[in-house]
Amino acid sequence: MPGTLVLATTKNGRLTRNTLELLAGARRLKEKLAEPVAAAILGTEVGAYVPLLFAHGADQVYRAEHPLLEGYQGDAYTLALHQICERAQPTVVLLPGDVMGRELGPRLAYRLQATFVAEFIDFDLDQASGRLQFTRQTYGGKAMAVVRPRVNSVVATAKLRTLEPATQEEGRTGEEIRVDVALEASQLTTRLIEKVQEEATGINLGDAKIVVSGGRGVHGPEGFRVLEELAQVLRGAIGASRAATDAGWVPPSWQIGQTGRNVSPELYLAFGISGATQHVAGISGSKHIVAVNTDPEAPIFKVAQFGIVGDWKAVATTLIERCRELTKS
Ligand SMILES: Cc1cc2nc3c(=O)[nH]c(=O)nc-3n(C[C@H](O)[C@H](O)[C@H](O)COP(=O)(O)OP(=O)(O)OC[C@H]3O[C@@H](n4cnc5c(N)ncnc54)[C@H](O)[C@@H]3O)c2cc1C
């Protein structure tokens, strides 16, 4: 039966937040299209995730297990997902707007002769045609584009952290469909040689309620040590602009923005960041933005609710001291 198919991914024995966001999107689509929600789970021993997918809104779960699906490999996932789609015949396939979705999306869309919509932030039904339309940021977040696919079949990636994750409904069940995917090692054109796990320090950027972020105006890696201290006292995570990551002051994984991470904290503190559109594109989901910049004309002040014109270090060190005093008393 046609409907929306979500690619489910897992990490450390749990469904990823991306999966829960996609399921939430699929549930919204179900209300609009009156079509069921399916999830596809790929791997080697993935049976334990099936009830969780039902509990988070999937009506059907396509479960594909194969030794070549252990760990993500682009060719294997494309072939397996294509076989699942041929069986499920979904109207819409939802993939996460991350490295995996960016690789799989166009490849799958080509195979399905579907429209590919990259990194949508919202969707709705076009009143006139009754067809789905997707909203996505364009020109680095300066403008919004509304995409109306002309064919019925759509493969879309959802920009991370723009949909609220689906909540769990105890006791909810559905239909499990086992798919015997045909995969041969000779079909895989690349192989994973090494996986290097970046050392996780502090709070994960994506989950943080407070993010302390620095840019070129922090003037070097030493400045980031001060910001890390501030992040620690605020129990927040640390991020950076691309200028800071490109300079090698901090790891690339700290980069926030259009080509980095999206964050949606309660509080985003920007130190020495000018507020280029590509940076702002990654922080627009923040509830409150506080900017500290010596230039009163810096564009970051246009998106910040609170602005301090001044030297970042003076403000950051004062904040550290005050927070320490407050937490002592
Ligand atoms: C295709 C593309 C994708 C991109 N993707 C990203 C992305 O994902 N994320 C991203 O961040 N950028 C991205 N960029 C780069 C982006 O355009 C900007 O160049 C970058 O964000 C600038 O970083 P910045 O604000 O740290 O540096 P700058 O623009 O150089 O700003 C530094 C700021 O620090 C202030 N300052 C200087 N000294 C002090 C001080 N002592 N105290 C306080 N303030 C001070 C200055 O007034 C200035 O406003 C992308 C660019 C392109 C073309």
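What counts as what
Residues numbered from 1 in each chain as written. Predicted model: local features only at pLDDT ≥ 70, side-chain atom pairs only at ≥ 80, totals over all residues. Heavy atoms only, no water. UniProt positions renumbered as here; feature names shortened; annotations may be inferred. Helix = DSSP H or I, 4+ residues; strand = E, 2+ residues; numbered from the N terminus. Pairing = 2+ DSSP bridges. Axes fitted to C-alpha atoms, helices over the stretch in contact; angles between N-to-C directions. Contact = heavy atoms within 4.5 Å. Expected span 1.5 Å × (residues − 1). Buried < 20%, exposed > 50% of the residue type's maximum accessible area, 1.4 Å probe, protein only. Arc of directions from axis to C-beta. Near = heavy atom within 4 Å. Polar contact = N/O pair within 3.5 Å; in protein donor to acceptor, adjacent residues only side chain to side chain. Areas by Shrake-Rupley, 256 points an atom, 1.4 Å probe, with all protein chains shown as cover. Nonpolar A, V, L, I, M, F, W, Y, C, P; charged D, E, K, R; others polar. Domains from an automatic or database assignment. Buried area = accessible area lost by both parts, 1.4 Å probe. Parallel < 35°, antiparallel > 145°, perpendicular 65-115°, else oblique. Left-handed = near helix turned anticlockwise from the far one by under 90°. Core = buried A, V, L, I, M, F, W, Y, C linked by side-chain atoms within 4.5 Å. Salt bridge = Lys/Arg side-chain N within 4 Å of Asp/Glu carboxyl O.

K.L.:
Mind showing me how you'd approach the UniProt feature "domain: Electron transfer flavoprotein alpha/beta-subunit N-terminal" (unreviewed entry) in the chain here?
P.N.:
Per the UniProt annotation, the sites labelled "domain: Electron transfer flavoprotein alpha/beta-subunit N-terminal" (unreviewed entry) are residues 4–192. For the annotated span residues 4–192, helix accounts for 28% and strand for 32% of the residues, and the straight-line distance between the end C-alpha atoms is 30 Å.

K.L.:
Hey, could you run me through the environment of K159 in this one?
P.N.:
Here K159 is to be found in the loop between β10 (154–158) and β11 (175–179). Taking the C-alpha atoms as reference points, K159 and E21, separated by 138 residues in sequence, lie 9.7 Å from one another.

K.L.:
For this particular structure, what's the right way to read the sheet that holds strand β14 (residues 267–271)?
P.N.:
In a beta sheet, neighbouring strands pair by backbone hydrogen bonds and run either parallel or antiparallel. A sheet is described by the order of its strands in space; here 5 strands give the open sequence β13-β12-β14-β15-β16, paired in parallel fashion. Two strands bound the open sheet, and with one partner strand each, they are β13 (237–240) and β16 (306–309). Taken pair by pair, the neighbouring strands of this sheet meet at an average axis angle of 15°, ignoring direction. Bridging between β14 and strand β15 (residues 288–293) involves 5 bridges; their strand directions are parallel. Paired with L267 across the bridge in β15 is H288. Contacts from helix α9 (residues 312–328) reach β14, β15 and β16 within the one sheet, and its direction differs from that of β14 by about 140°.

K.L.:
Looking at this structure, I do not really get helix α5 (residues 221–233). What am I missing?
P.N.:
Think of an α-helix as turning once every 3.6 residues; residues three or four places apart then point the same way. Taking 1.5 Å as the rise per residue, α5 with 13 residues should run 18 Å; its terminal C-alpha atoms sit 19 Å apart, in good agreement. All of the buried residues along α5 are G223, F224, V226, L227, L230 and A231. Taken end-on, α5 shows its buried residues confined to a sector of 155°, consistent with a single buried face. The exposed residues of α5 that point more than 90 degrees off its buried face are E222 and Q232. Contacts made by the buried residues of α5 are with β12 (210–214), β13, α6 (242–246), β14 and α9. Positive phi appears at R235, one or two residues downstream of α5, with a value of about 55°.

K.L.:
How should I be thinking about the site of the ligand in this particular structure?
P.N.:
Around the ligand, a shell composed of 26 residues is seen, among which R216, S241, T259, S274 and D311 lie nearest. For the ligand, a nitrogen atom lies 2.9 Å from a polar atom in the backbone of W312. Compared with its free state, where it exposes 990 Å², the ligand has 74% of that area covered by protein. Looking at the shell around the ligand residue by residue, the classes come out as 6 nonpolar, 16 polar and 4 charged.

K.L.:
What is the right way to read the domain arrangement of the chain from this model?
P.N.:
The figure often quoted for interface size is the accessible area lost as the parts come together. Looking at the assigned domains, one finds that the chain contains domain 1 (4–187) and domain 2 (205–328). Taking only C-alpha atoms, the centre of domain 1 and the centre of domain 2 are 32 Å apart. With 9 residues of domain 1 at the interface, the matching set in domain 2 holds 9 residues. Between domain 1 and domain 2 the total buried area reaches about 710 Å² when both faces are included, carbon and sulfur atoms providing 40% of it.

K.L.:
Even after reading the chapter, I still don't get the packing of helix α3 (residues 74–88) against helix α4 (residues 99–112), so can you show me in this structure?
P.N.:
Helix-helix packing is described using two parameters, namely the angle between the two axes and the distance between the axes. Contact geometry of α3 with α4 gives a least axis separation of 10 Å together with a crossing angle of 45°. Considering the angle they form, α3 stands oblique to α4. The handedness of the crossing between α3 and α4 comes out as right-handed. Within the contact between the two elements, α3 uses G74, D75, Y77, T78, L81, H82 and C85 and α4 uses M100, E103, L104, R107, L108, R111 and L112.

K.L.:
Just to check I follow, could you spell out the nonpolar core for this structure?
P.N.:
For soluble globular proteins, nonpolar side chains are generally found buried alongside one another. Ranked by internal contacts, the top residues of the largest apolar core, which has 31 residues, are L23, I41, L53, L94, F120 and F134. Contributions of two or more residues to this core are made by β1 (4–8), α1 (17–33), β4 (37–43), α2 (50–55), β6 (92–96), β7 (115–125), β8 (132–138) and β10. Looking at which element gives the most residues to this core, the answer is α1, with 6 residues. Excluding anything up to four places from it in sequence, F134 contacts V117, F120, D122, F123, A145, V146, V147, P149, V154 and A156.

K.L.:
Help me understand the side chain of E119 in this model?
P.N.:
By secondary structure assignment, the location of E119 is in strand β7. A polar atom in the side chain of E119 sits 3.0 Å from the side chain of R102. In contact with E119, other than residues within four places in its own chain, are G97, R102, R136, T157, A158 and K159.

K.L.:
Even after reading the chapter, I still don't get the pattern of salt bridges, so can you show me in this structure?
P.N.:
A pair can form between side chains of opposite charge whenever their charged atoms are brought close. Summed over the entire model, instances satisfying the criterion amount to 19 salt bridges. Close ionic contact of K30 with D59 constitutes a salt bridge, the shortest N to O distance being 3.1 Å. Residue K30 is located in helix α1, and its partner D59 is located in the loop between α2 and β5 (60–65); the two are separated by 29 residues in the primary sequence. Overall, the relative accessible area of 19% leaves D59 in the buried class. A salt bridge links E228 to R225; the shortest N-O distance between them is 2.7 Å. Here E228 and its partner R225 are both found in helix α5, 3 residues apart, which amounts to about one turn of the helix. Given the relative accessible area of 29%, E228 is considered partly exposed. By relative accessible area, R225 is classed as partly exposed at 42%. Through salt bridges with shared partners, a single network forms among R63, E65, E176 and R178.

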